[in-house]
Amino acid sequence: MEVRNIVGQRSNILITAPFSEAQAARLRQRFDVTVVPPTLAGVSLAELGLGADLAAAQVIVAELDQVDRASLAQAPGLELVVSCRANPVNVDIEACAERGVQVATTPGRNAEVTADFSFALLMATVRHVSAAERWARSGQWTDAAVFEPYARFAGIGLHGRVLGILGGGAVGSRMVRRALGFGMTVKVYDPFLAAGHFGGDADVVALDELLATADIVTVHVPLTPSTEGLLGRRELALLRPDAYLINAGRAAIIDEDALMEVLREHRIAGAGFDVFYSEPLAHGHELFTLDNVTLTPHIAGASPDVVTEHSRIAADAILAWADGTEIRGVVNPAL
Ligand SMILES: NC(=O)c1ccc[n+]([C@@H]2O[C@H](COP(=O)([O-])OP(=O)(O)OC[C@H]3O[C@@H](n4cnc5c(N)ncnc54)[C@H](O)[C@@H]3O)[C@@H](O)[C@H]2O)c1
């Protein structure tokens with residue numbers, strides 16, 4: 001059924017986020033859809049010369065562009081904003097609430113690819129993939145050293161080992177699935193989940209138990225006042241000397257000084273990090289000098305598949321809005 005606004009025209013959807021053509025076509029069956037090329041400038045929509053499109057829009061889909069008071073002033077018919085972010089920092093939520101405009105996000109849009117990458121980082125870390133490649137490229141694999149890498153880069157297998165996951169949300173729960181595929185036993189620490197949340201797939205356990213028993217610990221909690229420094233000196237000391245630590249969540253969840261001590265003194269087997277206390281990681285930072293860490297430049301969520309996924313979630317939200325059914329990921333549900 002076509003969706004018409006109060007003056008009987010088809011509703012207008014204005015999309016300034018990168019968007020999948022297939023989802024735009026799905027929306028065009030019911031709405032007038034304007035897709036403008038993303039500027040990637042992160043400026044107010046009011047500054048992009050979209051006057052007529054803003055004036056007509058009932059729905060805006062934006063990723064980096066700011067939906068601020070100035071944009072709202074140019075969009076009198078606006079009813080819904082979909083921010084293609086997990087945290088809609090590009091939208092003035094308060095101004096939207098004052099106007100009765102609903103704001104939705106695209107939750108979990110990068111969860112699959114982030115879990116893929118986190119698992120890749122985990123495997124690269126325990127199997128020394130980056131170090132082995134650096135070694136091979138440096139010309140050290142010679143006739144005299146033909147079997148040297150076999151010993152030098154020997155790493156543990158995953159089958160039968162214990163993965164400890166901090167945070168069993170969108171990414172953490174996908175890590176559970178991946179770990180099961182590798183024959184691992186999985187434990188999750190997440191005080192917001194019931195003990196039986198993962199059924200027989202994973203046990204929800206206390207933090208100390210997880211840290212003391214896991215072969216590999218991987219961090220997937222958001223950075224909040226309750227998670228900042230969640231792994232401090234005491235918690236890191238619980239890790240076994242043969243354990244690995246992976247963090248593709250947020251750096252500040254692990255206390256920096258305590259972590260550097262543990263790595264410097266080789267108190268765990270190794271670590272893999274995609275996130276850092278200060279980004280970019282400064283040239284010459286001590287982490288670059290340690291041979292027991294694998295480092296990647298905050299790319300866990302970097303994939304064109306994220307656009308496909310946020311487009312699907314945004315289109316679902318718009319269809320739910322049009323049908324008057326529940327919209328997933330609404331940040332101002334009181335409206
Ligand atoms: N490296 C990257 O490029 C990249 C990409 C995506 C996400 N991330 C990070 O991963 C984090 C997790 O993403 P998500 O989509 O799974 O988030 P999510 O909100 O779906 O899941 C977070 C989980 O953590 C749990 N949690 C909250 N507070 C906790 C606490 N104090 N102790 C233990 N568990 C707690 C929640 O109950 C929830 O189940 C994000 O917040 C982000 O920081 C990084």
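Scroll up a little and you will see the structure.
(A) Region of interest: the site of the ligand. As a structural note, the neighbourhood of the ligand is formed by 24 residues, with Ala170, Val171, Asp190, Ala248 and Asp274 the closest of them. In this structure, a nitrogen atom belonging to the ligand sits 3.1 Å away from a side-chain N or O atom of serine 226. At 3.5 Å from an oxygen atom of the ligand is found a side-chain nitrogen or oxygen belonging to arginine 250. Relative to its unbound accessible surface of 870 Å², the ligand loses 80% to contact with the protein.

(B) Fine view of the nonpolar core. By size, the foremost hydrophobic cluster in this structure holds 32 residues, and its most contacted members are Leu166, Leu231, Leu236, Leu245, Leu263 and Leu287. Only β6 (162–166), α9 (207–213), β9 (216–219), α11 (256–264) and β11 (270–273) provide two or more residues apiece to this core. Residues in contact with leucine 231, not counting those within four places in the same chain, are Leu166, Leu207, Leu211, Val219, Leu236, Leu245, Ile253, Ile254 and Asp255. Among the nonpolar cores identified, the runner-up in size contains 26 residues, and Phe119, Met175, Val188 and Ile216 belong to it.

(C) Up close: the side chain of serine 83. Position of serine 83 relative to the elements: it lies in strand β4 (residues 80–83). In this structure serine 83 touches Ala62, Pro88, Asn90, Val91, Ala104, Thr105 and Thr106, once residues within four positions along its chain are discounted.

(D) Seen up close, the side chain of threonine 294. On the secondary structure map, threonine 294 appears in strand β12 (residues 293–295). Filtering out sequence-adjacent residues up to four positions away, threonine 294 remains in contact with Leu121, Ala124, Thr125, Ser130, Ala271, Gly272 and Phe273.

(E) How the structure looks around the environment of alanine 73. By the secondary structure assignment, alanine 73 is in helix α3 (residues 69–73). For the pair formed by alanine 73 and threonine 125, sequence separation is 52 residues and the distance between their alpha carbons is 51 Å.

(F) Looking closely at the sheet that holds strand β5 (residues 102–104). Here 5 strands make up an open sheet; going across it, the order is β2-β1-β3-β4-β5 and the pairing parallel. The open sheet is flanked by β2 (32–35) and β5, the only strands paired with a single partner. The mean inter-strand angle of the sheet, taken between neighbouring strand axes irrespective of direction, is 15 degrees. Bridge count between strand β1 (residues 12–15) and strand β3 (residues 59–62): 3 bridges; the pairing is parallel.

(G) Representation of the pairing of β2 in the model. Relative to β2, β1 runs parallel, the two sharing 4 bridges. Note that in β2 the partner of asparagine 12 across the bridge is aspartate 32. Viewed along the sheet, the connection from β1 through helix α1 (residues 21–28) into β2 turns out right-handed.

(H) Quick look at the pattern of salt bridges. Applying the stated criterion across every chain yields a total of 25 salt bridges. The salt bridge partner of glutamate 309 is arginine 312, with a shortest N-O separation of 2.6 Å. Here glutamate 309 pairs with arginine 312, and both are found in helix α12 (residues 305–323), just 3 residues apart, close to one helical turn. Judged by its relative accessible area of 25%, glutamate 309 falls in the partly exposed class. Through salt bridges with shared partners, one network takes in Glu112, Asp116, Arg174, Arg177 and Arg178.

(I) Geometry of the packing of aromatic side chains. Scanning all chains against the criterion turns up 3 aromatic pairs. Between tryptophan 135 and phenylalanine 153, the ring centres sit 5.7 Å apart and the planes meet at 70 degrees, which makes this aromatic pair edge-to-face. Taken together, the positions of tryptophan 135 in helix α6 (residues 129–137) and phenylalanine 153 in the loop between α7 (148–152) and β6 put the pair 18 residues apart, joining distant regions of the chain. With respect to class, tryptophan 135 is no different from phenylalanine 153; both count as buried.

(J) Structural view of the sheet that holds β12. On the basis of which strands lie adjacent, the open sheet formed by 7 strands has the order β8-β7-β6-β9-β10-β11-β12 and parallel pairing. What marks the edges here is a single partner per strand, and that holds for β8 (203–204) and β12. Two strands pair when backbone bridges link them, and β9 and strand β10 (residues 244–247) are joined in this way by 4 bridges, in the parallel orientation. Within the sheet, the bridge partner assigned to isoleucine 216 lies in β10 and is tyrosine 244.

Conventions we followed
Residues numbered from 1 in each chain as written. Predicted model: local features only at pLDDT ≥ 70, side-chain atom pairs only at ≥ 80, totals over all residues. Heavy atoms only, no water. Near = heavy atom within 4 Å. Polar contact = N/O pair within 3.5 Å; in protein donor to acceptor, adjacent residues only side chain to side chain. Areas by Shrake-Rupley, 256 points an atom, 1.4 Å probe, with all protein chains shown as cover. Core = buried A, V, L, I, M, F, W, Y, C linked by side-chain atoms within 4.5 Å. Buried < 20%, exposed > 50% of the residue type's maximum accessible area, 1.4 Å probe, protein only. Helix = DSSP H or I, 4+ residues; strand = E, 2+ residues; numbered from the N terminus. Contact = heavy atoms within 4.5 Å. Pairing = 2+ DSSP bridges. Axes fitted to C-alpha atoms, helices over the stretch in contact; angles between N-to-C directions. Right-handed = clockwise from strand over helix to strand, strands pointing away. Salt bridge = Lys/Arg side-chain N within 4 Å of Asp/Glu carboxyl O. Phe/Tyr/Trp six-rings, centres within 6.5 Å; stacked < 30°, edge-to-face > 60°.

Such coordinate-based values are descriptive only and should not be taken to indicate function.
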